[in-house]
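Each chain is listed here by its residues.
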Amino acid sequence: MIYLYVLQQALVWIITIFWLYQLLISLCSLVKLKDKPMLEKKDNRFMAIIPAHNEEMVVGNLIESLKNQNYPKDKYDIYVIADNCTDMTKKIAEKAGAIVYERRSPMEERTKGHALQWFLRKKIAENAQYDAFCVFDADNIVDENFLVNMNKKLCQGEEVVQGYRDIKNPTDSWVSAGYAIFYWMMNRFYHLARYNLGLSPLINGTGFMVKFDVVKPNGWETETLTEDIEFSLQRIIAGKKLGWSTDAIVYDEQPVEFKQSWSQRSRWTVGHIQCMGIYTKQLAVAVKEKKTAMNFDGLLYIVGSIPMFIITLLLLSLNFILYITNNFTGAELIENYARYLIPTFLLPIGTALVIMVLDKKPIRPMIKGLLCYPLFLGSWLLINFKCLFKRETKWEKIEHVRDIKIHEVI
């Protein structure tokens, strides 16, 4: 049994060091750094790209918010990829003022990654005269200064920049509130913290900017269900740091019902597992060859979800085995379980409150969401466990329940 105890102690140290590292990185989000110098001063030409599958209810609101940008109107175009649509998406988008490209494809290629690849290859073949492109989900709405702030980043020499992903329906249910708290925490404690420290944030699904030259000549080459994470890891492996803009704000719509949320987060977890299988070795090689903190941090990211989850499950199981073999008392078992369960389920509530105070988010409408946040996180742990054995890859559309316009969230 001495071997089990030694293994238990080793796992304790692995988990402790991992989370201590994350804590120290997160503290860097509290430091306000001097803004980067401008390398040039110009109004760059942008493509706003909107992959859309049957989004007739919401796509018009996004186009309206993009048309109202505080940016020269002749310096950007709005493109909608009507991706295998069977509704009025194309007609509504054209009427709203977007340029629409219709796409038809086999069922297995109906993903955002495939749609972006299809569209960008066309633009590359046309030798389209754009400096950069921004990608949005059709249910987004965009702050009027989004392009101004992304242009600033481009002029500062940034090539790939994630904007601040806010939520347009945080108080609709405890589920959408859970998403809002999660993204607010990611925005500050992951993306901003790493950007301040000189590490690399990640592309976060929507509201991001890419310099057009970055994807030439091959386009958008991803194959997993999480094309955003995959693209980010490709950049990190190549030694290319991603950027971050707190002021380029996009408002995203999140599921209200738990069933939809379960399906969406399951797909994200499967995509993460796919990225882990493809890129873990490449990240490890990059750490060895480039010897940079950025590559090491990228490696920790990819092994910090499912592998750390498995390690934690193993540790909890070992604690119970040591108890039933009379190596732990009941009090020691409870103490060891509490050491992990309390931080996992209760500490995030306090952390979320800190974030909301720092970022001036309204707390009163979010009380129910805060109290239910441990349930949101707990369900994600169950999703991780389920995806270890059963991995659905089917994309399911998020049903929209409200028609939210930009003035309703400002």
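Residues numbered from 1 in each chain as written. Predicted model: local features only at pLDDT ≥ 70, side-chain atom pairs only at ≥ 80, totals over all residues. Heavy atoms only, no water.

A. Main features of the environment of Ser176. Mapped onto the secondary structure, Ser176 falls in helix 6 (residues 174-197). For Ser176, a relative accessible area of 0% gives the class buried. Linking Ser176 and Glu257, residues 81 residues apart in sequence, is a C-alpha distance of 8.1 Å. Other than its neighbours up to four places away in sequence, Ser176 contacts Asn169, Pro170, Thr171, Gln254 and Pro255. Within polar-contact distance, the side chain of Ser176 engages the backbone oxygen of Pro170 at 3.5 Å. (Helix = DSSP H or I, 4+ residues; strand = E, 2+ residues; numbered from the N terminus. Buried < 20%, exposed > 50% of the residue type's maximum accessible area, 1.4 Å probe, protein only. Contact = heavy atoms within 4.5 Å. Polar contact = N/O pair within 3.5 Å; in protein donor to acceptor, adjacent residues only side chain to side chain.)

B. Representation of the environment of Asn187. Its location among the elements puts Asn187 in helix 6. When the C-alpha positions of Asn187 and Asn204 are compared, they lie 9.5 Å apart, and in sequence the two are 17 residues distant. Ignoring any residue separated from it by four or fewer positions in sequence, one finds Asn187 in contact with Tyr164, Arg165, Leu192 and Trp244.

C. Just the layout of surface pockets, in detail. In this structure, the second largest pocket encloses a volume near 690 Å³. Around the second largest pocket sit 25 residues that line it, and Lys32, Leu192, Asn196, Trp244 and Thr246 are the ones nearest its centre. Breaking the lining of the second largest pocket down by element, the ones donating at least two residues are helix 5 (146-155), helix 6 and strand 8 (243-252). Broken down by element, the residue count for the lining of the second largest pocket peaks at five residues, all from helix 6. Here the lining of the second largest pocket is composed, by residue class, of seven nonpolar, seven polar and eleven charged. (1 Å grid on protein atoms, 1.4 Å probe; cavity = no way out; pocket = protein on both sides within 12 Å on 5 of 7 lines; lining within 4 Å. Points joined across faces, edges and corners; volume = space filled by probe spheres on them. Nonpolar A, V, L, I, M, F, W, Y, C, P; charged D, E, K, R; others polar.)

D. Main features of a nonpolar patch on the surface. Nonpolar side chains collect at one region of the surface, where Leu20, Leu23, Leu24, Leu27, Leu30, Val354 and Leu358 lie side by side and expose about 620 Å² of accessible area between them. Those elements that place two or more of their residues in the nonpolar patch are helix 1 (2-27) and helix 12 (347-358). In terms of residue count, the dominant contributor to the nonpolar patch is helix 1 (four residues). With respect to the element layout, Leu24 can be found in helix 1. (Patch = residues over 30% accessible without salt bridge, like charges linked within 9 Å, V, L, I, M, F, W, Y side chains within 5 Å. Areas by Shrake-Rupley, 256 points an atom, 1.4 Å probe, with all protein chains shown as cover. Salt bridge = Lys/Arg side-chain N within 4 Å of Asp/Glu carboxyl O.)

E. How the structure looks around the packing of helix 2 (residues 59-67) against helix 3 (residues 89-96). In the contact formed by helix 2 and helix 3, the axes pass within 9 Å of each other and the chain directions differ by 20°. Looking at the two axes, helix 2 sits roughly parallel to helix 3. By crossing handedness, the relation of helix 2 to helix 3 is classed as right-handed. Counted together, Val59, Gly60, Ile63 and Lys67 of helix 2 and Thr89, Ile92, Ala93 and Ala96 of helix 3 form the full contact between these two elements. Its residues placed into classes, the contact of helix 2 with helix 3 shows five nonpolar, two polar and one charged. (Axes fitted to C-alpha atoms, helices over the stretch in contact; angles between N-to-C directions. Parallel < 35°, antiparallel > 145°, perpendicular 65-115°, else oblique. Left-handed = near helix turned anticlockwise from the far one by under 90°.)

F. Region of the structure containing the sheet that holds strand 8. Taken in spatial order, the eight strands make up an open sheet running 3-2-1-4-7-6-8-5, and their pairing is mixed. In this open sheet, the two edge strands, each paired with only one partner strand, are strand 3 (99-103) and strand 5 (141-142). Examined bridge by bridge, strand 6 (residues 160-167) and strand 8 share seven bridges and lie parallel to one another. Its bridge partner being in strand 8, Val161 is matched across the sheet by Gly243. The strands touched by helix 2 within the sheet are strand 1 (46-52), strand 2 (76-83) and strand 5, with strand 2 carrying the most contacts at an inclination of about 165°. (Pairing = 2+ DSSP bridges.)

Any functional reading would require information that these geometric values do not contain.
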